[in-house]
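Structural description and commentary
Residues per chain are reported as follows:
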Amino acid sequence: MTKFHQRYLWGAVAFLFLCLALIPAQITAQTPTPPQTFRVIVGVNAPFRAEGELAGGNAILFQRAAIANRQRLITTALRNSNISLASLRQFQTIPYMALEVDAAGLLALQLNSNVTSIVEDQIRYISTSSANTVVNAPAAWSAGYDGTGYVVAILDTGVDFNHPSLFSKRLAEACFSSNYAPQGAISACPNGQETQYGYGSAMPPSSLTCPDCAHGTHVAGIAAGNGSGQGASHNTFRGVAPGASLIGVNVFTLDTSGDLVGSYDSDQIAGLEYVYSLRGSYNIASVNLSLGGGQYFSEADCNNSDSGGYYRAAVNNLVAARIAVVAASGNESRTSSMGAPACLTNVVSVGATDDSNVVAGFSNSASFLDLLAPGVGIVSTVPDGFYASSSGTSMATPYVAGTWAIMRQAYPNDSVNSILTRLQTYGLLVTDNRNGIQKRRINVANSLPAPASIAFSTATSSQSEGQVLSIPINLTVGAGAINVSSPFTINLTYTGNATRNVDYTAPNTITFTRSGGWSPNTVYPAAATLQITILNDDVIDPLENITITLVVNGGTPITLGSPIINVATIFNTNIQATGVINFINPSATVGEYGEYGQTNPILIPVQMNVINGKPNILGTVSANITYGGSAVLNTDYTAPTSVTFTGTDFGQGTHTAYVPITILSRAGIQGARTLTLTLQEPPHAFVDLGVTQPNATINIIEGGQIRMTENELRSEIMELVQSDHLINSVLPDFITGTGITMVVVLDDGTVGTVSITMNSQNGAHRVILGAMLVNGVPAPTSFVDTINAELPELVIAGMNNFMTRRTGEAQRLEIMQIGDSDITFSYLP
């Protein structure tokens, strides 16, 4: 907060508040005449948790609806009592509302059961380079951390985004500024209303009539100003986070003369809610509040104050969204207390030092202060393109708020408390000589991973075709306090006259990994190794150059060292690929009958292994096959006379083709037979025959299996059902290991179930009928008699017909297993 004058205009409120015994007077009276209306913040009786702690979007919508409903009940009750309302702000995300009412309104609020608290809408005041070097910001910038991609919201007297160092920073603007006649308060919004959004809405009033209104522009420049490329003096100006963007929100109010009055809590809460509403659109790192008021000797004292409830609720929503709220401790030279909102538990409080790391005499200090930052003689932006020097905890606060953008850039997933802990751990320990309290003055670069660079171990390399080229990459870690985190990944690009995926294969990225990360002030040779596979080809040129360039991923703490280009030479060995054909399996045993038909088709795999790489084997590759053994071609089996590999270009690796052989069924008992396959005469100059496995043997056995599904049994039975049958339809359901449950429909419409147990003996099948139910109770005699007379015959005849269709003749098969979807029959000799 800057060391500007403070105005207390709430004196008139105290008299009536004391008379009503509702709200304690907080500010010394300046006039005995009470105002006609009063600005208050009212707590509403609605459940509340920070939205980040709720279980998803529906829970958030439900909580907001509950808050809005209670707010509506309160305003409706007031209007029904003919009580006028002014300056009404109904907060969406916290159970509070701000309004201006008369004495009758105050009494009505006190009696309303939906009101949980009534608090004076307090007014806060602004609390009024080499400091970048003091906090070690340039070292962070050199490591690539300048806040890029993140946003700082400035809730202050407005921001002049026309300033050359700020005009490229604007993401959003708003104004929340009250009109309140009893205190002579006039809105500072450019449109004269109490609320304004959009371009230019945060533009501060003219500094000619309101010198203090330059405060917000000065604060914004400290946090994220950047005059680079703007010429003259602008070129050298940088805020602590020159890559960050800004959201400007004016929350201050003017008096009738156009000078600055202060900022009402209700306007600040509206500003905080506005910033919260933008969290899905921008990566907001922090909110800067270089303002405050009151005196609090502990966090508990502050949390339990009149304003503590609604302020903490609004801040909790932001903190749950990983947005820090940073506030100035105040400029009253206090050594054991500070002002609000800095004193709240969930707000990051900031005191001021000079460039020699001495706590400023004006800076409020307390044991519960969070951080220190430079705040003496800070030069920054002011309206109309100028720069000016100011001192105060107001200047120290944006150093922390801007640093927060840098920290979020380095640690995007960290919570507010985690980042605060980092800044408190790695900052410079400073003793306040006034009270002996020790706090950390921020050290930006020291709180980030140590800077590091990568480079190839050599600028040139070479390897022969068909080999792997390994290129070490060194990692050098500079000075710092924190290890470079592991893992991190870099991108790679490839140029040169060698063609990727034709002459070589190589990865797009490479990842550096080390347990615990990499320590500062250390060189790590071969921290990672790039491996490039050099392929064989038939290029005549003896040399091919590959140029490899490392490209660093955005957002990492890694820079490029030297050399970052490696020129790799490929030595062309011009080796012609050759292949070898073999059977994969030396033997196999198959049944004469297949499970689902009269024949048993099988595939015998043949493998071609191509070695040496490019040039590939071109043209059709096939091999003739001769057959031997006791099995007879076209009687026991059918088979092709050759096998052909699919394709006309075979690169290094394994290729597979299949020999289709059909085992034929034969009547009678043939016994076991053998079939031998031998590879012969591959018609290609670069392919050899079975060095390890040129032959394969197939053993044909008499036994086999056949399977019947539920649908197949039903189909067979339905073909047997005639007009003289009383059974109209059946639906079998196989039960694993036990039998069949048959749903049977009779001609008269009766539907029942029959439990069937089946077995086989010497090829003959038996049907054993079990429980019969109709409508869940034992079936009537007529149903039982029909089932006994017809169903066993239909089931057995259906099975026999099915097996004859499959095998071509009557076969002796036994039930081997009943599954949940089919019955397996086994052939008998």
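Residues numbered from 1 in each chain as written. Predicted model: local features only at pLDDT ≥ 70, side-chain atom pairs only at ≥ 80, totals over all residues. Heavy atoms only, no water.

Scanning the chain from terminus to terminus reveals 13 helices and 52 strands. For 829 residues, the compact-globule formula gives about 28 Å, and the C-alpha radius of gyration of the chain, at 43 Å, lies well above that figure. Out of the 829 residues in the chain, the part that is buried amounts to 51%. Accessible surface, the chain: about 33000 Å² in total, of which carbon and sulfur atoms supply 51%. Computing the positive centroid from 34 side-chain charges and the negative centroid from 55, the chain places the two 11 Å apart. (Helix = DSSP H or I, 4+ residues; strand = E, 2+ residues; numbered from the N terminus. Rg over C-alpha atoms; globule rule 2.2 N^0.38 Å. Buried < 20%, exposed > 50% of the residue type's maximum accessible area, 1.4 Å probe, protein only. Areas by Shrake-Rupley, 256 points an atom, 1.4 Å probe, with all protein chains shown as cover. Lys, Arg positive; Asp, Glu negative; His and termini not counted. Charge placed at Lys NZ, Arg CZ, Asp CG, Glu CD.)

You can see Thr-381 is positioned in strand β19 (residues 378-382). A distance of 3.5 Å separates the side chain of Thr-381 from the backbone nitrogen of Gly-221, its partner in a polar contact. Here Thr-381 is in contact with His-163, Ser-165, Leu-166, Thr-217, His-218, Gly-221, Phe-237, Phe-386 and Tyr-387, once residues within four sequence places are set aside. (Polar contact = N/O pair within 3.5 Å; in protein donor to acceptor, adjacent residues only side chain to side chain. Contact = heavy atoms within 4.5 Å.)

This part takes up the confidence of the model for the chain. Residues at a pLDDT of 70 or more form 90% of the chain, whose mean pLDDT is 87. In this model residues 1-33 is a low-confidence stretch, pLDDT under 50, and it forms 94 contacts with partners more than four residues away in sequence or in other chains. (pLDDT = per-residue confidence, 0-100.)

Below, the discussion takes up the environment of Gly-294. The residue Gly-294 is located in strand β14 (residues 291-296) in this model. Through-space distance from the C-alpha of Gly-294 to that of Cys-343 is 9.7 Å; in sequence the pair is 49 residues apart. Gly-294 has contacts with Arg-334, Met-338 and Gly-339, leaving out every residue within four places of it along the chain.

What follows concerns the layout of surface pockets. As a volume, the second largest pocket reaches approximately 250 Å³. Contributing to the lining of the second largest pocket are 14 residues, with Gln-92, Tyr-197, Ala-270, Glu-273 and Tyr-274 lying nearest its centre. Those elements that place two or more of their residues in the lining of the second largest pocket are β2 (86-90), β9 (195-197) and α7 (265-277). It is α7 that contributes the most residues to the lining of the second largest pocket, 5 residues altogether. Looking at the lining of the second largest pocket, its residues break down into 6 nonpolar, 5 polar and 3 charged. (1 Å grid on protein atoms, 1.4 Å probe; cavity = no way out; pocket = protein on both sides within 12 Å on 5 of 7 lines; lining within 4 Å. Points joined across faces, edges and corners; volume = space filled by probe spheres on them. Nonpolar A, V, L, I, M, F, W, Y, C, P; charged D, E, K, R; others polar.)

What follows deals with the sheet that holds strand β37 (residues 622-628). On the basis of which strands lie adjacent, the open sheet formed by 5 strands has the order β34-β44-β42-β37-β39 and mixed pairing. With one partner strand each, in any of the chains shown, β34 (587-591) and β39 (642-644) form the two edges of the open sheet. Within the sheet, the average angular offset between the axes of one strand and its neighbour, ignoring direction, is 25°. As paired strands, β34 and strand β44 (residues 695-701) are joined by 5 bridges and run parallel to one another. Counterpart to Ser-587 in the pairing with β44 is Thr-697. (Pairing = 2+ DSSP bridges. Axes fitted to C-alpha atoms, helices over the stretch in contact; angles between N-to-C directions.)

With that settled, the discussion passes to the packing of aromatic side chains. Summed over the entire model, instances satisfying the criterion amount to 11 aromatic pairs. Note on Tyr-96 and Tyr-310: the rings are 5.7 Å apart at their centroids and 75° apart in plane angle, and the pair reads as edge-to-face. On the basis of relative accessibility, which here comes to 13%, the residue Tyr-96 falls in the buried class. Judged by its relative accessible area of 1%, Tyr-310 falls in the buried class. Chaining the aromatic ring pairs together yields one cluster made of Tyr-96, Tyr-310 and Tyr-311. The lysine or arginine in question, Arg-39, covers the ring of Tyr-264, its NZ or CZ lying 4.0 Å from the ring centre. (Phe/Tyr/Trp six-rings, centres within 6.5 Å; stacked < 30°, edge-to-face > 60°. Lys NZ or Arg CZ within 6 Å of the ring centre and 35° of its normal.)

What follows deals with unusual backbone geometry. Going from Ser-486 to Pro-487, the amide bond is cis rather than trans, its omega being 0°. Among the secondary structure elements, Pro-487 is positioned in the loop between β25 (468-477) and β26 (488-496). Note the cis peptide between Ser-562 and Pro-563, where omega equals 0°. Along the chain, Pro-563 turns up in the loop between β31 (558-560) and β32 (565-571). A positive phi angle is found at Asn-501, which is not glycine, with a value near 70°. Note that Asn-501 resides in the loop between β26 and β27 (504-505). A residue is classified by how much of its surface remains accessible, and Asn-501, at 55% relative accessible area, is exposed. One non-glycine residue, Asn-521, lies in positive phi territory at about 55°.

What follows covers the sheet that holds strand β46 (residues 727-735). Spatially, 5 strands are ordered β46-β47-β48-β49-β50 in an open sheet, and the strand pairing comes out antiparallel. Bordering the open sheet on either side are β46 and β50 (777-778), each of which pairs with just one other strand. As paired elements, strand β48 (residues 751-761) and strand β49 (residues 764-774) share 9 bridges and run antiparallel to each other. Following the sheet pairing, Met-758 is matched in β49 by Val-767.

To continue, consider the packing of helix α6 (residues 215-224) against helix α10 (residues 393-410). Each pair of packed helices can be described by the angle between their axes along with the distance between the axes. Interhelical geometry of α6 versus α10 gives an angle of 40° and a closest axis separation of 8 Å. Between α6 and α10, the angle falls in the class oblique. The element α6 and its partner α10 pack so that their crossing is right-handed. Two secondary-structure elements touch here, α6 through His-215, His-218, Val-219, Ile-222 and Ala-223 and α10 through Ser-394, Met-395, Pro-398, Tyr-399 and Gly-402. (Parallel < 35°, antiparallel > 145°, perpendicular 65-115°, else oblique. Left-handed = near helix turned anticlockwise from the far one by under 90°.)

One pass over the structure, following the stated rule, counts 3 disulfides. The partner cysteine of Cys-175 in its disulfide is Cys-189, sulfur to sulfur 2.1 Å. For the disulfide bridge between Cys-175 and Cys-189, the dihedral angle about the S-S bond is near -95°, and by the sign convention the bridge is left-handed. Of this pair, Cys-175 sits in strand β7 (residues 170-176) while Cys-189 is found in the loop between β8 (186-187) and β9, placing the two residues 14 residues apart along the sequence. Exposure remark for Cys-189: the relative accessible area of 5% places this residue in the buried category. Two residues share a disulfide in this structure: Cys-302 and Cys-343, whose sulfurs sit 1.9 Å from each other. Judged by the torsion about the S-S bond (55°), the Cys-302/Cys-343 disulfide is right-handed. Remark: Cys-343 occurs in the loop between β16 (338-340) and β17 (348-353) and Cys-302 occurs in helix α8 (residues 299-303); sequence separation between them is 41 residues. For the pair Cys-302 and Cys-343, one class covers both residues: buried. (Disulfide = S-S within 2.5 Å.)

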